[in-house]
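# Observations on the three-dimensional arrangement
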Amino acid sequence: MKNLIKRAAWDIYGAQHVVALTGAGVSTESGIPDFRSPGGLWEKYDPMEFMYERFIANPKRIWEMSLKMKREGDLDMAEAMPNQAHLALSELEAMGYLKCVITQNVDNLHQKAGSSDVIEFHGSLLWGRCIGCGRRYPSDAIDDKIDAGQLPPLCGQCGGILKPDAVFFGEPIPPQALQRSISEARRADVMIVAGTSAVVYPAAELPFIAKRGGGFFSTSVIEPSPNVGAIVIEVNDEPTQLTGKVSDYLILGKVGTVLPEIIAQLRELEREKGTK
Ligand SMILES: [Zn+2]
């Protein structure tokens, strides 16, 4: 593992455009269980309730359910604090290497840790979004609407129905987040895949795009790929479907331990060779 950490530091040091793709594994150390793991949200609630179609059919019902979840503390992420993994990625940005974080998490912890460019691939629990015009509203503003008796809450701009911003099953990824993620994956010469088993599509496709410049979305992207063949560094506590297929190497371990070790090694490199 020590050698792989050195290798990762070298790869990042030599890169022009590093992008990170993160998932539930970076937030478990902040006390947010993976929704899909034992103790996670889907053990208590039927994920099928969170089908996009069901929301459209009966938005009031889903809002009532989400209020109940909030009351019972099941969606209580406001108190969660970023951990060493989030902080390491924020530091990597401050050092000038990391250009953006694409996260599948909806917990706002990368932003809390100080990362300034975070693409929320699956939306955010802190926001709601109008299904008519796409305008986003902070959850406080939505709570006010609900407290005033508006259920489902409506968009002040177009009168459309507001939906929790977190992406539901069967719901398309917000177009802006999708397009930017694809474009960042294509620009990346190093992609760090951290704390994600990469089984949820289309996010799982992003490392393939970084590596091969194409994938499922290749026809939807007009710009030519400037950088095919990114080095994909995987940091996970177990092998995934990316391992040996698209990742160049897997650093096995806790992301909150491995990422700071890479940073420390990178700082050592900078001391030897100079900062970039
Ligand atoms: Zn609207």
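Helix and strand counts for the protein chain come out as ten helices and nine strands. Taking 19 Å as the expected radius of gyration for a compact globule of 276 residues, we find that the protein chain reaches 19 Å, a close match to that expectation. Each principal axis of the C-alpha distribution contributes one length, and for the protein chain these read about 65 × 40 × 30 Å. For the protein chain, the proportion of its 276 residues judged to be buried stands at 51%. In the protein chain, once contacts between residues fewer than 6 apart in sequence are set aside, the share between residues at least 24 apart is 69%. Total accessible area on the protein chain stands at roughly 12800 Å², and carbon and sulfur atoms take up 52% of it. If the 29 positive side-chain charges of the protein chain are averaged to one point and the 35 negative ones to another, these points end up 3 Å apart.

By secondary structure assignment, the location of methionine 191 is in strand 7 (residues 190-194). Each residue touching methionine 191, except ones within four places of it in the same chain, is listed here: Val19, Leu21, Ala185, Leu206, Pro207, Ala210, Ile231, Val232 and Ile233.

On to the sheet that holds strand 2 (residues 98-103), then. Strand order in the open sheet made by the six strands is 3-2-1-7-8-9, with parallel pairing throughout. Whereas interior strands pair on both sides, the edge strands pair on one side only; in this sheet they are strand 3 (118-120) and strand 9 (249-252). Going from strand to strand, the sheet's axes swing by 20° on average, the running direction of each strand aside. Here strand 8 (residues 231-236) runs beside strand 9; their pairing, made up of four bridges, is parallel. Bridge assignment links isoleucine 233 to a residue of strand 9, and that residue is tyrosine 249. The strands that helix 8 (residues 175-187) touches are strand 1 (18-22), strand 2, strand 3 and strand 7; relative to strand 3, the one it contacts most, it runs at about 130°.

A separate point is the coordination of the zinc ion. Expected angles at a metal are 109.5 degrees for tetrahedral coordination by four donors and either 90 or 180 degrees for octahedral coordination by six donors. At this site the zinc ion is bound by Cys130 (SG), Cys133 (SG), Cys155 (SG) and Cys158 (SG), with donor distances of 2.3 to 2.4 Å. Coordination at the zinc ion comes from four donor atoms whose angles at the metal span 98 to 116°, giving a geometry best classed as tetrahedral. Counting the intervening residues between successive donors of the zinc ion yields the motif C-x2-C-x21-C-x2-C. By relative accessible area, which is 2% here, cysteine 130 ends up buried.

Let us look at the pairing of strand 1. Taken across its five residues, strand 1 has five buried, putting it largely inside the fold. In strand 1, alternate side chains face the same way, and those of Val18, Ala20 and Thr22 on one face and Val19 and Leu21 on the other are all buried. Sheet topology note: the strand 1/strand 2 ladder contains five bridges and is parallel. Bridging across to strand 2, threonine 22 finds its partner in threonine 103. Sheet topology note: the strand 1/strand 7 ladder contains five bridges and is parallel.

This brings us to the packing of helix 5 (residues 84-94) against helix 10 (residues 255-273). One can describe the packing of helix 5 onto helix 10 by two numbers: an axis separation of 7 Å at closest approach and a directional angle of 30°. Comparing their axes, helix 10 and helix 5 come out roughly parallel. As helix 5 packs across helix 10, the resulting crossing turns out to be left-handed. Between helix 5, through Gln84, Ala85, Ala88, Leu89, Glu91 and Leu92, and helix 10, the contact on the second element is made entirely by Val255, Gly256, Leu259, Pro260, Ile263, Leu266 and Arg267. Looking at side-chain class alone, the contact of helix 5 with helix 10 contains nine nonpolar, two polar and two charged residues.

What follows is about empty space enclosed by the protein. Taken as a whole and assessed by the stated rule, the structure comprises two cavities of 30 Å³ or more. The calculated volume of the largest cavity comes to roughly 40 Å³. Together, Ile12, Ala88, Leu89, Leu92, Ile192, Leu259, Ile262 and Ile263 line the largest cavity. Of all elements in the fold, only helix 5 and helix 10 reach the threshold of two or more residues within the lining of the largest cavity. Each residue belonging to the lining of the largest cavity can be placed in one class, and the counts come to eight nonpolar, no polar and no charged. Of the voids in this model, the second largest cavity is the one considered here, and its volume is about 30 Å³. If you go around the second largest cavity, the residues you meet are Thr103, Asn105, Asp107, Asn108, Leu109, His110, Gln111 and Glu120. In terms of residue class, the lining of the second largest cavity is made up of one nonpolar, five polar and two charged.

Procedures and definitions
- Residues numbered from 1 in each chain as written.
- Predicted model: local features only at pLDDT ≥ 70, side-chain atom pairs only at ≥ 80, totals over all residues.
- Heavy atoms only, no water.
- Helix = DSSP H or I, 4+ residues; strand = E, 2+ residues; numbered from the N terminus.
- Rg over C-alpha atoms; globule rule 2.2 N^0.38 Å.
- Buried < 20%, exposed > 50% of the residue type's maximum accessible area, 1.4 Å probe, protein only.
- Contact = heavy atoms within 4.5 Å.
- Areas by Shrake-Rupley, 256 points an atom, 1.4 Å probe, with all protein chains shown as cover.
- Lys, Arg positive; Asp, Glu negative; His and termini not counted.
- Charge placed at Lys NZ, Arg CZ, Asp CG, Glu CD.
- Pairing = 2+ DSSP bridges.
- Axes fitted to C-alpha atoms, helices over the stretch in contact; angles between N-to-C directions.
- Donors = N, O, S within 2.8 Å, 3.2 Å for Na, K, Ca; no water.
- Tetrahedral: all angles 85-135°; square planar, octahedral: opposite > 155°, others 65-115°.
- Parallel < 35°, antiparallel > 145°, perpendicular 65-115°, else oblique.
- Left-handed = near helix turned anticlockwise from the far one by under 90°.
- Nonpolar A, V, L, I, M, F, W, Y, C, P; charged D, E, K, R; others polar.
- 1 Å grid on protein atoms, 1.4 Å probe; cavity = no way out; pocket = protein on both sides within 12 Å on 5 of 7 lines; lining within 4 Å.
- Points joined across faces, edges and corners; volume = space filled by probe spheres on them.

Nothing here speaks to function; it is all geometry.
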